[in-house]
Amino acid sequence: MRRIGLALLAGVITAGCGDDGVETLPSVSVPAAERGPIALKEKLMFARVIDDDPLLEDLAEIARTDDLAKAAGIEVSSDGWAHEVVRDEFAYPYLRAKDRAALASYLGAAVARHAQLAPAEGHAFAYERVQEQPGQAPRWRMYLVDHATALRPKAVTSLETGEGTTGVAELRATLAEEDAQRFHELTEKAVGHKVAIAIGEVVVSAPIVREPISGGSVVLVPGVSTRDAARAEVERWAQQLRGG
């Protein structure tokens, strides 16, 4: 199962592997205590991915011929997609490596050596662990995200794990009314682009926004190669957010 980033659909987020079709979800192993206001023990963040900053092209150009990048195992890759609503195509380069620390260290060193690579105020680098093919060693990739306008809910009104109609494990949460409105505004401004979803300090997915999302319902599907691995990943996310 190849890892793909699905779209942000009306009312829900589907991200990672698998098909959409999450309107009728069975409730699976959800303790009663998980209904109602739930304080999040680990940071949850939704942030717009910046894909049009010139520093991304500059960074890729420098890394392609940089001996330090080669020594650190840094690779240059690219994202690309078309959006049928805004009728536009998007593409931007990014860096990836087998080791997150090596990637972060290289970016720090590159910014120190090249002033034009410093993110704008309110922008920052973020990292996601990606497994593109079954049996392939995962890699870490970078994003440039807008921290200044990011949504960081401190609580949700529901949090549960279960399986969608495709049988793949997923994490489901409902945002409180105020956060749901802010999430709508965030996705409205990001139509045609990606939104990075992070738990703790790690991006778990960055799906494309197809249209503004109302209602505050969030469904996260992990991008891993097997159903057992997906179930374990979903439970790990839930434990991070619930604490304990």
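Note that the coordinates shown come from a computational prediction; the quantities given were computed from them, not determined experimentally.

Glancing now at the nonpolar core. Among the nonpolar cores identified, the biggest contains 36 residues, and Leu 95, Leu 103, Tyr 106, Leu 107 and Met 142 are the most heavily contacted of them. Of all the elements in the fold, those that place two or more residues in this core are β4 (44–48), α1 (54–64), β6 (88–97), α3 (100–113), β7 (123–130), β8 (139–146) and β11 (195–199). Each residue touching Tyr 106, except ones within four places of it in the same chain, is listed here: Ile 62, Ala 63, Asp 66, Leu 68, Ala 69, Ile 74, Leu 95 and Arg 113.

Our focus in this paragraph is the pairing of β6. Within β6, 7 of the 10 residues are buried, which leaves it mostly tucked inside the rest of the structure. In the sheet, β6 pairs with β8 via 2 bridges, with the strands oriented antiparallel. Within β8, the residue paired with Arg 96 across the bridge is Arg 141.

Topologically, Asp 99 is positioned in the loop between β6 and α3. Among the residues examined, Asp 99 registers a relative accessible area of 41% and is labelled partly exposed.

A few words now on the pattern of salt bridges. Two side chains of opposite charge can pair, provided their charged atoms sit close to one another. On inspection of all chains with the given rule, the structure shows 12 salt bridges. Between Arg 139 and Glu 75 there is a salt bridge whose closest N-O contact spans 3.1 Å. Here Arg 139 is found in strand β8, whereas its partner Glu 75 is found in strand β5 (residues 75–83), with 64 residues between them in sequence. Overall, Glu 75 belongs to the partly exposed group, its relative accessible area being 27%. Of the charged contacts, one joins Arg 231 and Glu 163 as a salt bridge, the two residues approaching to 3.4 Å between their closest N and O atoms. Here the residue Arg 231 occupies a position in helix α5 (residues 227–242), and Glu 163 occupies one in strand β9 (residues 155–163), the gap between them amounting to 68 residues. By relative accessible area, Arg 231 is classed as partly exposed at 37%. By relative accessible area, Glu 163 is classed as partly exposed at 31%.

Moving on, we come to the environment of Leu 175. Within the secondary structure, Leu 175 sits in strand β10 (residues 169–175). In this structure Leu 175 comes out as buried when scored by relative accessible area, which is 5%. Sequence separation between Leu 175 and Ser 158 is 17 residues; the distance between their C-alpha atoms is 7.6 Å. Setting aside residues up to four positions removed in sequence, Leu 175 forms contacts with Phe 46, Leu 151, Pro 153, Val 156, Thr 157, Ala 180, Phe 183, Gly 216 and Val 218.

When pLDDT is averaged across the protein chain, the result is 83; 81% of the residues are at 70 or more. The model gives residues 1–33 a pLDDT under 50, and that stretch makes 103 contacts with residues more than four places away or in other chains.

Taken as a whole and assessed by the stated rule, the structure comprises 2 aromatic pairs. Lying over the aromatic face of Tyr 94, Arg 141 brings its terminal NZ or CZ to 3.6 Å of the ring centre. The ring of Tyr 143 carries Arg 141 above its face, with NZ or CZ at 3.8 Å from the centroid.

Given 3.6 residues per turn, any residue in an α-helix points the same way as the ones three and four places further on. With 16 residues, α5 should reach 22 Å at 1.5 Å per residue; the first-to-last C-alpha distance of 22 Å fits that figure. Listing the buried residues of α5 in full gives Ala 230, Glu 233, Val 234, Trp 237, Ala 238 and Leu 241. Down the axis of α5, the sector holding all buried residues measures 135°, keeping them to one side. Gly 243 sits one or two positions beyond α5 and adopts a positive phi of about 85°.

What follows covers helix α4 (residues 177–189). Look at α4: 19 Å from first C-alpha to last across 13 residues, which is about the 18 Å you get at 1.5 Å a residue. All buried positions along α4 are accounted for by Asp 179, Ala 180, Phe 183, His 184, Leu 186 and Thr 187. Axial view of α4: buried residues confined to an arc of 165°, hence all on one face. In α4, the exposed positions angled more than 90 degrees off the buried face are occupied by Glu 177, Glu 178 and Lys 189.

Our next topic: the side chain of Asp 179. Within the secondary structure, Asp 179 sits in helix α4. Lacking a salt bridge, the buried Asp 179 has Arg 182 as its closest oppositely charged neighbour, with an N-O distance of 4.6 Å. When neighbours within four sequence positions are excluded, Asp 179 is seen to be in contact with Leu 151, Pro 153 and Ala 155.

Cut-offs used in this document
- Residues numbered from 1 in each chain as written.
- Predicted model: local features only at pLDDT ≥ 70, side-chain atom pairs only at ≥ 80, totals over all residues.
- Heavy atoms only, no water.
- Core = buried A, V, L, I, M, F, W, Y, C linked by side-chain atoms within 4.5 Å.
- Buried < 20%, exposed > 50% of the residue type's maximum accessible area, 1.4 Å probe, protein only.
- Helix = DSSP H or I, 4+ residues; strand = E, 2+ residues; numbered from the N terminus.
- Contact = heavy atoms within 4.5 Å.
- Pairing = 2+ DSSP bridges.
- Salt bridge = Lys/Arg side-chain N within 4 Å of Asp/Glu carboxyl O.
- pLDDT = per-residue confidence, 0-100.
- Phe/Tyr/Trp six-rings, centres within 6.5 Å; stacked < 30°, edge-to-face > 60°.
- Lys NZ or Arg CZ within 6 Å of the ring centre and 35° of its normal.
- Expected span 1.5 Å × (residues − 1).
- Arc of directions from axis to C-beta.
- Lys, Arg positive; Asp, Glu negative; His and termini not counted.

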